[in-house]
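Listed below are the residues making up each chain.
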There are 2 protein chains.
Amino acid sequence: MSTSRSTRTDGRPTLEKVAARAGVGRGTVSRVINGSTQVSPAAKAAVEQAIAELGYVPNLAARSLVTRRTDAVALVVSESEERLFGEPFFAGIVRGISSALVDTPLQLWLAMAQSAAERERVERHLTPQHVDGVMLLSLHDADPLPGLVEQRGLPLVLGGRPARLTRPGVAAGRFVDVDNAGGARRAVEHLYSAGRRVIATIAGPQDMGAGLARLDGYHEARVGHGLLNEPDLIAYGDFSYDSGKTAMKLLLSRRPDIDAVFIAADLMAAGALRALRDSGRHVPDDVAVVGFDDTSVARQTEPALTTVHQPIEEMGKAMARMLVAHISEQIPPDSSAVLDTTLVIRESA
Amino acid sequence: MSTSRSTRTDGRPTLEKVAARAGVGRGTVSRVINGSTQVSPAAKAAVEQAIAELGYVPNLAARSLVTRRTDAVALVVSESEERLFGEPFFAGIVRGISSALVDTPLQLWLAMAQSAAERERVERHLTPQHVDGVMLLSLHDADPLPGLVEQRGLPLVLGGRPARLTRPGVAAGRFVDVDNAGGARRAVEHLYSAGRRVIATIAGPQDMGAGLARLDGYHEARVGHGLLNEPDLIAYGDFSYDSGKTAMKLLLSRRPDIDAVFIAADLMAAGALRALRDSGRHVPDDVAVVGFDDTSVARQTEPALTTVHQPIEEMGKAMARMLVAHISEQIPPDSSAVLDTTLVIRESA
DNA sequence: GTCACTGTCGGGAGCGCTCCCACACACCGT
DNA sequence: ACGGTGTGTGGGAGCGCTCCCGACAGTGAC
């Protein structure tokens, strides 16, 4: 009832107080804080001392009100927390982004947009008054988010090439991607050159760029060996452990003669290994397995997974750097980066 | 050079414009937006229509400047991205928090404070002008963060009882915890009643509340069976897969007669299973294993893990609700919540 | 000595909002 | 007729900052 609200103006020192203490004007303090060169060394020293003595911290709301910047960027992941935290892939991305952001004033917001409530919330906060730029990860085909963000005039960088534009030669705005198709092709080539002949694949979601491109790579390798498409050898998953297990069972029931599988994600591969073991097959003697991602699960499976390594942290860094350049308008509108992948040989193939 | 800065005032409608359009004063619009009852239905309707027509969105920087609220809360995890994303535990917490926050105006900030650079950054942003409250997770003993946050007058809720106050009867501020000791005790009891006699444990970090309490539970169960402490049977890990593997190897070398292990985290248990398999032992026939957490890894190990389930999502919800109550000053200073744990029997014990 | 120029600096204006005071107006009882 | 009591309402003040204009001193060229 009579709970007195905290006084209107709290004890926190303001620019004005710093100016008074340093014996200079408000403008000079502001210039010192913002690193202007138009300040004499003497004034600068006085201001810096006053700031230290008072423990002054600039009020960001006030600054943001006039500059119309927020010094925050958002990373939006169109996945559930389950997957966001379940897959080490995202950890790498976040690490890369943080490290690239460390010497900018920008703070990173992390948001997931899975449930309707979450999406609504995220959309409400993806405005120029909340963030200066947006990075979108794990985008599905029909996602309206990129359109919304661009329409609001917010700088945008995509992680992974949008699915519909996965064929080269099409402008797609700004994105960072890895060479998914090339990595998949090399993985399958590796299986062929190891003497495998009936090579199946567990592909990812076909509404995602990475899912499409990795399946493309598989096809390319087959074509390179003069082989026709065999739909029997293709099963689909959603990058999860369970979906990998299920898909592997399906493949084995359709084609018991399979002697190798290329699997579009390590986590699915872990599930597939389980299904293979359950079916009594030995990896790699009976069936060779190659995964994709080279996340920590690849080292924890039994046997350890041969997989396609992608420079995840680099990808995060590239995204952040591209966004920063975009925000400061130092970059052409259709730039993009595609990073290389490499095959890591372990025990499973 | 001559890149014209975007005009000072962008096209976005302001409160004033809405007021003009609705034919009312600024104050009335503000009242409508903030849900005051002191507005006539006619005025309210006119304002709402004007807002819709103009697509007006309140400027949060301006609001925050005067209200001194930010409508954001932070969740700080004192871990690397590696662990934050590697352990499903955190996913559950975040999910619980988000769901509890969904019908408040509060937005969730997620930050990790591991490296020095990150910590410095986090500390700089943990001020009343950035966030309205803070939740701290995975706290180590000597962490200065709680002190800092409280000193700045920010509402604070801890996830997990602070290590130093892990003994009951000591006030510890606001925290949410699960009954770690009780869960551990029941797990070990289960092993004893299954006829196991040489029961080892892999404990967690002893500077963390959860690590301490779970080891306490192990001791309690032994005491309950009239057994003396045998340091040989205790090894320590840091909750990671690798540390579990290493600790298990150490235990087996010290005491080859071990016929059961209680392990303070599922991920460590997964590592331990690997070490047991490498040593030629069969689980559960030769050695029974019980984990702790009941995260998704528990279902993916071979054999599936018997483990102590903790209501992770509930814990997140409780933390968020406690923080909200704290922010609105509707809660005594030393409240806390301790949630129950249950044993989930699978294949490993 | 005058003028132009450069390097510093102070402080007014104003960002968009909330808070709150003053006031208009209706309605009531006396 | 009057004052009292409420309910709605308008708009001034001010949150803490940046932007920018104008002032001023010092320097060098003429």
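Residues numbered from 1 in each chain as written. Chains lettered and ligands numbered in written order. Predicted model: local features only at pLDDT ≥ 70, side-chain atom pairs only at ≥ 80, totals over all residues. Heavy atoms only, no water.

Some remarks on the pairing of strand S6 (residues 199-203) of chain A
Residue and element names in this part refer to chain A.
- The buried fraction of S6 amounts to five of the five residues, a majority that puts the element mostly inside the structure.
- Pairing between S6 and strand S8 (residues 260-263): four bridges, direction parallel. Bridging from a neighbouring strand, Ile-199 pairs with Ala-260 of S8.
- As paired elements, S6 and strand S7 (residues 234-236) share three bridges and run parallel to each other. Across the sheet, Ile-202 pairs through a bridge with Ala-235, a residue of S7.
- Assessed by its sense of winding, the connection that carries the chain from S6 through helix H10 (residues 209-224) to S7 is right-handed. (Buried < 20%, exposed > 50% of the residue type's maximum accessible area, 1.4 Å probe, protein only. Helix = DSSP H or I, 4+ residues; strand = E, 2+ residues; numbered from the N terminus. Pairing = 2+ DSSP bridges. Right-handed = clockwise from strand over helix to strand, strands pointing away.)

What to know about the sheet that holds strand S10 (residues 306-309) of chain A
Residues and elements named next belong to chain A.
- In spatial order, the strands read S7-S6-S8-S9-S10-S12; together these six strands make up an open sheet with mixed pairing. At either margin of the open sheet sits one strand with a lone partner, and together these are S7 and strand S12 (342-344). Ignoring strand direction, the axes of neighbouring strands in this sheet form an average angle of 20°. (Axes fitted to C-alpha atoms, helices over the stretch in contact; angles between N-to-C directions.)

Here we look at the nonpolar core
- The biggest cluster of nonpolar side chains holds 56 residues, and the ones touching the most others in it are Leu75(A), Met135(A), Leu75(B) and Met135(B).
- Ignoring any residue separated from it by four or fewer positions in sequence, one finds Met135(A) in contact with Val73(A), Ala74(A), Leu75(A), Val76(A), Ile97(A), Leu108(A), Val157(A), Met319(A), Ala320(A) and Leu323(A). (Core = buried A, V, L, I, M, F, W, Y, C linked by side-chain atoms within 4.5 Å. Contact = heavy atoms within 4.5 Å.)

Section: the protein's contact with DNA strand C
- Looking at DNA strand C, there are 28 residues lining it, with Arg26(A), Thr28(A), Ser40(A), Leu15(B) and Tyr56(B) nearest.
- Atoms of DNA strand C within 4 Å of the protein: sugar and phosphate make up 65%, bases the balance.
- Within the side chain of Arg68(A), an N or O atom sits 2.7 Å from a phosphate oxygen of DNA strand C.
- Contact between DNA strand C and Asn59(B): a phosphate oxygen at 3.1 Å from a main-chain N or O atom of the residue.
- Elements with a contribution of two residues or more to the surface near DNA strand C: helix H2 (26-33) and helix H4 (60-67) of chain A together with helix H2 (26-33) and helix H4 (60-67) of chain B.
- Considering each element in turn, the surface near DNA strand C owes the most residues, five residues, to H4(B).
- For the surface near DNA strand C, the class distribution of residues is eleven nonpolar, eleven polar and six charged. (Near = heavy atom within 4 Å. Polar contact = N/O pair within 3.5 Å; in protein donor to acceptor, adjacent residues only side chain to side chain. Nonpolar A, V, L, I, M, F, W, Y, C, P; charged D, E, K, R; others polar.)

What about the relation of the copies chain B and chain A?
- Overlaying chain B on chain A yields an RMSD of 0.3 Å, the required transformation being a rotation through 180° with an accompanying axial translation of 0.2 Å. When the rotation and shift are considered jointly, the pair of chain copies conforms to a two-fold rotation axis.
- Taken as a fraction of all interface residues of chain B, those also at the interface in chain A reach 100%, which identifies the copy contact as same-surface. (Least-squares fit on C-alpha atoms with pLDDT ≥ 70 in both.)

Describing the confidence of the model for chain A
Residue and element names in this part refer to chain A.
- In the predicted model, chain A carries a mean pLDDT of 87, and 92% of its residues have values of at least 70.
- Put simply, helix H5 (residues 81-86) is where chain A has its lowest mean pLDDT, 68, and S8 is where it has its highest, 98.
- Low pLDDT, under 50, characterises residues 1-8; the stretch is placed with three contacts to residues that sit more than four places away or in other chains.
- Contacts of residues 166-171 to residues separated by more than four positions or lying in other chains number nine contacts, the stretch itself having pLDDT below 50. (pLDDT = per-residue confidence, 0-100.)

Focus on the protein's contact with DNA strand D
- In the vicinity of DNA strand D, 27 residues are found, and the nearest of them are Leu15(A), Tyr56(A), Arg26(B), Thr28(B) and Ser40(B).
- Near-protein atoms of DNA strand D (within 4 Å) split between backbone and bases, with sugar and phosphate holding 66%.
- Within the side chain of Arg63(A), one N or O atom sits 3.0 Å away from a phosphate oxygen of DNA strand D.
- A distance of 2.8 Å separates a phosphate oxygen of DNA strand D from a polar atom in the side chain of Arg68(B).
- Taken together, the elements giving at least two residues each to the surface near DNA strand D come down to H2 and H4 of chain A together with H2 and H4 of chain B.

Focus: the domain arrangement of chain A
- According to the domain assignment, chain A consists of domain 1 (15-58), domain 2 (72-178 + 313-339) and domain 3 (180-311).
- Computed over C-alpha atoms only, the centres of domain 1 of chain A and domain 3 of chain A are separated by 62 Å. (Domains from an automatic or database assignment.)

Observations regarding the interface of chain B and chain A
- At the interface, 48 residues of chain B touch 48 residues of chain A.
- Between chain B and chain A lies a buried interface of about 4500 Å² when both sides are counted; carbon and sulfur atoms form 51% of it.
- Where chain B meets chain A, there are four salt bridges.
- One salt bridge connects Glu302(B) with Arg274(A), and the closest N-O pair in it is separated by 3.0 Å.
- At the surface where chain B touches chain A, the tally comes to five residue pairs in polar contact (both at pLDDT 80 or more).
- Of all the secondary structure elements, the ones that give two or more residues to the side of chain B that touches chain A are H4, helix H5 (81-86), helix H6 (88-101), strand S2 (107-112), helix H7 (116-125) and helix H12 (266-278) of chain B.
- Broken down by class, the residue content of the side of chain B that touches chain A amounts to 23 nonpolar, 13 polar and twelve charged. (Buried area = accessible area lost by both parts, 1.4 Å probe. Salt bridge = Lys/Arg side-chain N within 4 Å of Asp/Glu carboxyl O.)

Side note on the side chain of Arg214(A)
- Take Arg214(A): it is sitting in helix H10.
- Once residues lying within four places of it in the same chain are set aside, the contact partners of Arg214(A) are Asn180(A), Ala184(A), Phe239(A), Phe262(A), Ala264(A), Phe292(A), Asp293(A) and Gln310(A).

Topic: unusual backbone geometry
- For the peptide bond that leads from Val283(A) to Pro284(A), omega is 5°, which places it in the cis range.
- Along the polypeptide, Pro284(A) turns up in the loop between helix H12 (266-278) and strand S9 (288-293).
- The amide bond that connects Glu302(B) to the next residue, Pro303(B), takes the cis arrangement and shows omega of 0°.
- On the secondary structure map, Pro303(B) appears in the loop between helix H13 (297-300) and strand S10 (306-309).

Let's talk about the packing of aromatic side chains
- Applying the stated rule across the entire model yields five aromatic pairs over all chains.
- Here the aromatic rings of Phe89(A) and Phe90(A) are separated by 5.4 Å at their centres, their planes lie at 80°, and the arrangement is edge-to-face.
- When the ring of Trp109(A) is compared with that of Trp109(B), the centres are 4.2 Å apart and the planes differ by 35°; the resulting orientation is tilted. Of the two residues, Trp109(A) sits in strand S2 (residues 107-112) while Trp109(B) sits in strand S2, which places them in two different chains.
- Residue Trp109(B) is classed as buried on the basis of its relative accessible area of 12%.
- Over the aromatic face of Phe292(A) sits the side chain of Arg214(A), whose NZ or CZ is 3.8 Å from the ring centroid. (Phe/Tyr/Trp six-rings, centres within 6.5 Å; stacked < 30°, edge-to-face > 60°. Lys NZ or Arg CZ within 6 Å of the ring centre and 35° of its normal.)

A closer look at the sheet that holds strand S1 (residues 72-77) of chain B
Residue and element names in this part refer to chain B.
- With parallel pairing, six strands are arranged side by side in an open sheet as S2-S1-S3-S4-S5-S11. Looking at which strands have only one partner, the edges of the open sheet turn out to be S2 and strand S11 (336-339). Recorded for the sheet is a direction-independent mean angle of 15° between the axes of neighbouring strands.
- Bridge count for S1 against strand S3 (residues 133-137) is five bridges, and the pairing is parallel. The residue of S3 that forms the bridge with Ala-74 is Val-134.
- Across the sheet, H6 lies against S1, S2 and S3, angled at about 160° from S2, the strand it touches most.

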